[in-house]
Amino acid sequence: MTDHRLALIEQARSVLQAPPGPVRSPCVSVCRMDADTDLCEGCLRTLGEIAGWADMDTADRLDVWQRIAQRAQGVME
């Protein structure tokens, strides 16, 4: 699981530093919600973030990626 979190941090950095354009989804096809954290075990998003992704603008999607990086780092510490 640790390797997965490190990969999410690296993906988030890549997305956040990318030139303007479409923001790719953080989904990694591991769709299980953790009952303790209310986060997806695969992408570390909340149900609201997952459900709202399609309707989010670029700034909101980048904010989600920022939160994913923060969550992944918090889990690592």
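Residues numbered from 1 in each chain as written. Predicted model: local features only at pLDDT ≥ 70, side-chain atom pairs only at ≥ 80, totals over all residues. Heavy atoms only, no water.

**Let's talk about the overall build of the protein chain**
Looking only at helices and strands, one finds three helices and zero strands in the protein chain. When the elements of the protein chain are put in sequence order from the N terminus, they spell out α-α-α. Dimensions along the principal axes, computed over C-alpha positions, put the protein chain at roughly 35 × 25 × 20 Å. Taken over 77 residues, the protein chain has a buried fraction of 29%. Taking the contacts inside the protein chain whose residues are at least 6 apart along the sequence as the reference set, 53% of them involve residues at least 24 apart. Carbon together with sulfur atoms contributes 52% to the accessible area of the protein chain, which is approximately 4,800 Å² in total. Mean positive and mean negative side-chain charge positions of the protein chain (8 and 12 charges, respectively) differ by 4 Å. (Helix = DSSP H or I, 4+ residues; strand = E, 2+ residues; numbered from the N terminus. Buried < 20%, exposed > 50% of the residue type's maximum accessible area, 1.4 Å probe, protein only. Contact = heavy atoms within 4.5 Å. Areas by Shrake-Rupley, 256 points an atom, 1.4 Å probe, with all protein chains shown as cover. Lys, Arg positive; Asp, Glu negative; His and termini not counted. Charge placed at Lys NZ, Arg CZ, Asp CG, Glu CD.)

**Quick look at a nonpolar patch on the surface**
Together, M33, L47 and I50 make up a nonpolar patch on the protein surface, roughly 250 Å² of accessible area in all. Residue position: L47 is located in helix α2 (residues 47–52). (Patch = residues over 30% accessible without salt bridge, like charges linked within 9 Å, V, L, I, M, F, W, Y side chains within 5 Å. Salt bridge = Lys/Arg side-chain N within 4 Å of Asp/Glu carboxyl O.)

**Things to note about unusual backbone geometry**
Note: most residues except glycine have negative phi, and most peptide bonds are trans. Positive phi outside glycine occurs at S29, with the angle close to 60 degrees. For S29, the position within the fold is in the loop between α1 (2–17) and α2. The exposure class of S29 is exposed, given its relative accessible area of 64%. The backbone phi angle of D38 is positive, close to 60 degrees, even though this residue is not glycine. With respect to the secondary-structure elements, D38 resides in the loop between α1 and α2.

**Quick word on the packing of aromatic side chains**
Geometrically, a pair of aromatic rings is defined through the distance of the ring centres and the angle of the planes. This model, assessed by the stated rule, comprises zero aromatic pairs. R45 extends its terminal NZ or CZ atom over the ring of W53, reaching a point 5.4 Å from the ring centre. (Phe/Tyr/Trp six-rings, centres within 6.5 Å; stacked < 30°, edge-to-face > 60°. Lys NZ or Arg CZ within 6 Å of the ring centre and 35° of its normal.)

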